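Fold and contact review
Chain by chain, the residues run as shown.
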Amino acid sequence: MGHAHTLFSQMTERLYYGDSYLTSFDADVVALRSVDGAIAAVLSRTAFFPTSGGQPHDVGTLDGAQVIDVRDDGEVILHVVTQSIAGQVHGTIDWRRRFDHMQQHTGQHILSQAARRALGAQTLSVHFGDEVCTLDLDRSELTPDAAAAVEDLANGIVFEDRPVHVRQVDESELPALGLRRPAKTQGLIRIVEVAEFDRSACGGTHVRHTGEVGCIKVRRWERHRGGVRLEFLCGWRALREYRWKSLLVADLAASLTVAEREVPDAVARTSAQLRARERTVSELRDRLLAREAAELLAGSSGAPALVAAVVSHPADEAAVLAARLTASESCVAILGADGGRLIIARSADVALDARAVLRQALERYDGRGGGRPEFAQGAVAAGQIADAVETARTVAAGLLGRAER
Ligand SMILES: [Zn+2]
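First, a word on what this report is: a plain description of the structure on this page.

Here is what the cut-offs are and how they apply
- Residues numbered from 1 in each chain as written.
- Predicted model: local features only at pLDDT ≥ 70, side-chain atom pairs only at ≥ 80, totals over all residues.
- Heavy atoms only, no water.
- Pairing = 2+ DSSP bridges.
- Helix = DSSP H or I, 4+ residues; strand = E, 2+ residues; numbered from the N terminus.
- Axes fitted to C-alpha atoms, helices over the stretch in contact; angles between N-to-C directions.
- Expected span 1.5 Å × (residues − 1).
- Polar contact = N/O pair within 3.5 Å; in protein donor to acceptor, adjacent residues only side chain to side chain.
- Donors = N, O, S within 2.8 Å, 3.2 Å for Na, K, Ca; no water.
- Tetrahedral: all angles 85-135°; square planar, octahedral: opposite > 155°, others 65-115°.
- Buried < 20%, exposed > 50% of the residue type's maximum accessible area, 1.4 Å probe, protein only.
- Salt bridge = Lys/Arg side-chain N within 4 Å of Asp/Glu carboxyl O.
- Parallel < 35°, antiparallel > 145°, perpendicular 65-115°, else oblique.
- Left-handed = near helix turned anticlockwise from the far one by under 90°.
- Contact = heavy atoms within 4.5 Å.
- Nonpolar A, V, L, I, M, F, W, Y, C, P; charged D, E, K, R; others polar.

Thoughts on the pairing of strand β9 (residues 123–128)
The pairing of β9 with strand β10 (residues 133–137) spans five bridges and is classified as antiparallel. Each residue of the ladder has a partner; that of S125, found in β10, is D136. The hairpin formed by β9 and β10 contains four residues between the paired strands.

Quick look at the sheet that holds strand β5 (residues 60–62)
Strands pair in a sheet through their backbones, by hydrogen bonds, and they do so in one of two ways: parallel or antiparallel. Taken together, six strands build a closed barrel; the order of strands is β2-β3-β7-β6-β5-β8 and the barrel is antiparallel. Each strand axis lies, on average, 45° off the axis of its neighbour in the sheet, ignoring direction. Where β5 and strand β8 (residues 88–93) come together, three bridges link them in antiparallel fashion. By the bridge assignment, L62 is partnered in β8 with G91.

Overview of helix α3 (residues 95–119)
Relative to the 36 Å expected for 25 residues at 1.5 Å per residue, α3 spans 35 Å between its end C-alpha atoms, a close match to the ideal helical length. The N-cap residue of α3 is D94: its side-chain oxygen and the backbone nitrogen of R96 are 3.2 Å apart. Positioned one or two residues after α3, G120 has a phi angle of 70°, which is positive.

Examining the coordination of the zinc ion
Around the zinc ion, the donor atoms from the protein are H105 (NE2), H109 (NE2), C202 (SG) and H206 (NE2), and they sit 2.0 to 2.2 Å away. Each of the four donor atoms around the zinc ion contributes to a set of angles spanning 95 to 120°, which defines the coordination as tetrahedral. Read N to C, the donor residues that coordinate the zinc ion are spaced as H-x3-H-x92-C-x3-H. Placement of H105 in helix α3 and of H206 in the loop between β13 (198–201) and β14 (216–224) is noted, with a sequence separation of 101 residues between them. Judged by relative accessible area, which is 2%, H105 ranks as buried.

Focus on the pattern of salt bridges
Tallied over the entire structure, the rule returns 25 salt bridges. One salt bridge connects E193 with R199, and the closest N-O pair in it is separated by 3.2 Å. On the basis of relative accessible area, R199 is assigned to the partly exposed category, the value being 26%. Each member of the salt-bridge network shares a partner with another, and the members are R219, R220, E222, E231, E241 and K245.

Focus: the packing of helix α9 (residues 354–362) against helix α10 (residues 385–399)
The geometry of a pair of packed helices is captured by two quantities: the angle between their axes and the separation between those axes. Where α9 meets α10, the closest approach of the two axes is 9 Å, and the angle between their N-to-C directions is 130°. By the angle class used here, α9 and α10 are oblique. Here α9 runs over α10; the crossing is right-handed. From α9, A356, V357, Q360 and A361 reach across to α10, where they touch T391, A392, V395, A396 and L399. Across the contact of α9 with α10, the residue classes break down as seven nonpolar, two polar and no charged.

Focus: α9
The complete set of buried residues in α9 reads A354, A356, V357, L358, A361 and L362. Buried residues along α9 sit against β18 (341–346), β19 (368–372), β20 (375–379) and α10. The backbone nitrogen of R355 has a side-chain oxygen 2.9 Å away, supplied by the residue at the start of α9, namely D353.

Description of the environment of S330
Relative to the helices and strands, S330 resides in the loop between α8 (315–327) and β17 (331–337). In this view, S330 contacts P304, A305, S347, D349 and V350; residues no more than four positions away in its chain are not counted. Only 3.1 Å separates the side chain of S330 from the side chain of D349, close enough to count as a polar contact.

Let's talk about the sheet that holds β9
Strand order in this open sheet of four strands is β9-β10-β15-β14, and the pairing throughout is antiparallel. One side of each edge strand has no neighbouring strand; the edge strands of this open sheet are β9 and β14. On average, each strand axis in the sheet is inclined to that of its neighbour by 20°, with strand direction left out of account. Two elements, β14 and strand β15 (residues 227–234), share eight bridges in a ladder whose sense is antiparallel. Looking at β15, one finds that E222 is bridged to R229.

Let's talk about the pairing of strand β7 (residues 77–81)
Burial analysis of β7 places five of its five residues in the buried class, the great majority of the element. Every second residue of β7 is oriented toward a common face, with I77, H79 and V81 on one face and L78 and V80 on the other, all of them buried. Across four bridges, the pairing between strand β3 (residues 38–43) and β7 is antiparallel. When the bridges of β7 are listed, A41 appears paired with H79. As judged from the five bridges shared by strand β6 (residues 65–72) and β7, these two strands associate in the antiparallel manner. Bridging from a neighbouring strand, R71 pairs with L78 of β7. Where β6 folds back on β7, the antiparallel hairpin that results is connected by four residues, among which G74 adopts a positive phi of roughly 90°.

Now the structure itself:
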């Protein structure tokens with residue numbers, strides 16, 4: 001192959017293929033490259049796992065440099081580092097992160113086989129995230145009982161602490177192996193086998209015994225592209241999730257003063273009470289506004305009635321009040337509401353442009369606003385609202401051709 005790239009680089013020996021538990025190693029820096037403006041080191045050998053097969057990359061150090069990203073470039077692995085390195089270097093892997101990925105990855109193999117055996121479901125794709133892992137099944141739906149059956153089968157395999165073997169086979173041997181997940185590569189194929197349970201072609205890192213996976217928990221699921229996407233957590237992640245969720249449920253139960261299992265009923269009861277009270281409050285507010293509108297009309301004179309008042313309501317309630325005032329009676333309503341809001345409204349039979357009243361009234365206060373001919377609103381500084389209502393009343397009276405009282 002006359003490719004410049006292959007002439008000047010050598011294949012990186014992938015130490016993680018043979019030993020997922022190797023956390024430190026020595027290697028030679030073969031080349032430095034530029035990857036998206038960062039320095040990427042090519043090594044003679046590496047224990048760093050590159051992002052591939054859905055599994056996230058390792059992090060760690062190469063001498064004094066931080067390894068922040070690891071990419072698979074086919075023949076070589078690219079280690080994106082925070083500073084330049086050269087010669088022979090010592091590499092260390094962040095084991096906590098790696099072991100977490102090993103738990104999730106091995107757990108996924110077990111879960112996929114469990115879904116196949118319990119439901120006849122095939123795994124279409126997997127994703128390993130920093131917080132949650134997902135698995136897509138070729139099922140249009142999943143019942144809680146079916147999910148529990150898959151979970152039970154998977155955790156049974158964990159508790160039996162079965163060995164997990166990794167080996168390389170030639171592609172000619174594949175048909176006889178009955179793989180759950182077919183190989184995507186050719187030549188020598190890496191096979192990961194959970195003893196007497198699952199056999200897949202996979203290039204990821206796995207634990208040696210299923211017991212190390214810890215609890216496998218299906219967290220939730222939803223429909224996704226015609227199938228079901230389920231979220232799962234393994235090992236430490238499952239424990240951490242259980243920890244905060246049990247505290248959460250205990251807190252909820254304490255604040256609702258019920259037993260933990262009664263939390264859903266208590267929340268449903270409380271929500272129903274809240275909705276009933278909201279209806280009551282809404283009815284009472286309507287009656288209050290109707291009475292207030294009647295009182296304001298009774299205190300006004302002329303035709304149309306000119307109502308001008310500062311009311312103790314937020315703007316939305318004042319707007320409802322204005323609508324009540326102008327709904328049937330021949331009326332012009334000028335209302336000042338909380339926060340310096342000014343509302344001008346008029347009945348359909350009154351020839352007055354509410355926007356013109358607002359505009360002229362606001363000139364003096366550096367206020368802003370707008371609206372329709374029959375309803376306009378604006379705002380002034382809260383301390384000026386009584387003054388602004390009076391000004392608007394004078395403006396409206398003038399536009400209606402009425403002498404000021
Ligand atoms: Zn795997």
